[in-house]
Amino acid sequence: MAANPTLSNRPIISSEVSEWVSVPASWRIKQAVFIGLTALLAIYYALGGYRSPATESGSADNLSPFDFAGFILFGVLIWLTTPAAWTVAVTTFQEAIRRRWVTVLLGFAIVMLGVSTLFSFMATGEVQKFLRDYGLGFTLILTLITAIFLGTALIPPEIERRTIFTILSKPVTRLEFLIGKYLGLLFVLAMNLVFMIIVFLFAYSVFVITREQGLANALAADGSGVSRMGLFFDVWNLGKALMLDFGTLSIMAAFAIMLSQFTTGITSTILCFVVYFLGQSAPYWERLTSGTGDLSNTAKPSLGPGLTAVINFVYFFLPRLDRFDVRERVINDAPIAANYIIKASSSGVVYAAVLLAVAYFAFSDREF
């Protein structure tokens, strides 16, 4: 699927009711391979992959039919990524990285992560906990800014400049256009995240090796020092936590594209940040209205049934972004199990698919 096919040589059959675009057989074969790999991962998960290894966390040791919705929807996304959608994605990626502010923001993030170990004097407790928290939090916030500002500005300018007429006059359906824009945005976020991960993990590794006075000492899990579980454990755990951040970015990118179909750019941006912070605090709202304990018992009478119903309604539609935030586990040297990553990723695919479906229905009804 690495080819960049042109849009002008593909036949199209269209009508007022439906639109169909032919896809080369070679492309469908590649899609079938990726869908097959997804199916194998789902089978592995069903046969026992949902259980945590003995040495890792057991926070996701359950098998839910909802988990497999993510595998199915991911396969659907692969199938809908036609050559036209891929071309739109590549074009979107190229246009995005040409934006000066995207490059400046990435450069700023790389510099700040590269010199992150210089801020260790700010740690009031253990240095390694501060550095992990700083690296994970800073990386997520900078890429989140890119996801929201780019996501809200991908489609509206195409309509305002009327370039949408030129694009849709080619053999490109509105669904292919929307999927291509979303994938192009994900490519940008993935690129930024990879650069930040490499720089931060390198800076953290150098810091640990220096503090432990040698690579051998840094790799040893002695339960003390800067790297109590060993440098390899730290880097692997941090890498998995940063990969989970991509789930948050995928959801927020889809949410930004969806909101851009209904509101102006500044309104969409503000709402995206509001939803992000509400999504991160979703467990708090759940415990407040539906849980047990002193907080819930105190809040329920004062909130009243009406306000409680409103909070429960909002909570139901909020994306559970807290599922992708594992900073507490990383900071406290707790492992992140592969089954937890799969479960969280599956829920992220479901959230993103629903948001993109809403965006498509709104986009398909627009007159232009």
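Our structure's up above, just so we're on the same page.
About the criteria used
Residues numbered from 1 in each chain as written. Predicted model: local features only at pLDDT ≥ 70, side-chain atom pairs only at ≥ 80, totals over all residues. Heavy atoms only, no water. Helix = DSSP H or I, 4+ residues; strand = E, 2+ residues; numbered from the N terminus. Contact = heavy atoms within 4.5 Å. Core = buried A, V, L, I, M, F, W, Y, C linked by side-chain atoms within 4.5 Å. Buried < 20%, exposed > 50% of the residue type's maximum accessible area, 1.4 Å probe, protein only. Patch = residues over 30% accessible without salt bridge, like charges linked within 9 Å, V, L, I, M, F, W, Y side chains within 5 Å. Areas by Shrake-Rupley, 256 points an atom, 1.4 Å probe, with all protein chains shown as cover. Salt bridge = Lys/Arg side-chain N within 4 Å of Asp/Glu carboxyl O. Axes fitted to C-alpha atoms, helices over the stretch in contact; angles between N-to-C directions. Parallel < 35°, antiparallel > 145°, perpendicular 65-115°, else oblique. Nonpolar A, V, L, I, M, F, W, Y, C, P; charged D, E, K, R; others polar.

## Points about the environment of Asp234
With respect to the helices, strands and loops of the structure, Asp234 is situated in helix H10 (residues 231-259). Taking the C-alpha atoms as reference points, Asp234 and Gln128, 106 residues apart in sequence, are found 9.6 Å from one another. Not counting residues up to four positions away in its chain, the partners in contact with Asp234 are Arg132, Tyr204, Ser227, Met229 and Asp333.

## Here we look at the nonpolar core
Grouped together as the largest cluster of nonpolar side chains are 77 residues, with contacts concentrated most on Ile155, Tyr182, Leu244, Ile257 and Ile336. Elements supplying a minimum of two residues to this core: helix H3 (83-97), helix H4 (100-114), helix H5 (127-151), helix H8 (174-211), H10, helix H11 (265-280) and helix H15 (338-364). In this structure, Ile155 is in contact with Phe177, Leu178, Lys181, Ile257, Gln261 and Phe363, ignoring residues within four places of it in sequence. Counting residues in each nonpolar core, the second largest holds five residues, with Ala42, Tyr45, Tyr50 and Ile342 among its members.

## Observations concerning a nonpolar patch on the surface
Residues Ile29, Val33, Phe34, Leu37, Leu40, Ile43 and Leu47 make up a contiguous nonpolar surface patch of about 730 Å² in total accessible area. Secondary-structure assignment places Ile43 in helix H1 (residues 25-49).

## Observations regarding the packing of H10 against H15
Put simply, H10 and H15 touch, their axes get as near as 8 Å, and they point 10° apart. By the angle class used here, H10 and H15 are roughly parallel. Counted together, Lys240, Leu244, Ser250, Ile251, Ala254, Phe255, Ile257 and Met258 of H10 and Tyr340, Ile341, Ala344, Gly348, Tyr351, Ala352, Leu355, Leu356, Val358 and Ala359 of H15 form the full contact between these two elements. Of the residues in the contact of H10 with H15, the class split is 15 nonpolar, two polar and one charged.

## What about the pattern of salt bridges?
Under the counting rule described, the total for this entry stands at seven salt bridges. A salt bridge links Asp67 to Lys343; the nearest nitrogen and oxygen atoms lie 2.6 Å apart. On the criterion of sequence distance, the pair formed by Asp67 in helix H2 (residues 65-80) and Lys343 in helix H15 is long-range, its members being 276 residues apart. Summarising the burial analysis for this pair, Asp67 and Lys343 share the class buried. Taken together, the salt bridges that share partners define one network made up of Arg132, Asp234 and Asp333.

## Some points on the environment of Leu73
Turning to its location among the elements, Leu73 is positioned in helix H2. Using a relative accessible area of 29% as the deciding quantity, one classes Leu73 as partly exposed. Taking the C-alpha atoms as reference points, Leu73 and Val350, 277 residues apart in sequence, are found 6.8 Å from one another. Setting aside residues up to four positions removed in sequence, Leu73 forms contacts with Val349, Val350 and Ala353.

## Focus: unusual backbone geometry
Phi is positive for Gln213, close to 60°, though the residue is something other than glycine. Counting through the fold element by element, Gln213 comes out in the loop between H8 and helix H9 (215-219). In the Ramachandran plot, Asp333 falls in the positive-phi region, its phi being about 60° despite a non-glycine side chain. Within the element layout of this structure, Asp333 appears in the loop between helix H14 (327-331) and H15.

No statement about biological role is implied by the geometric values presented.
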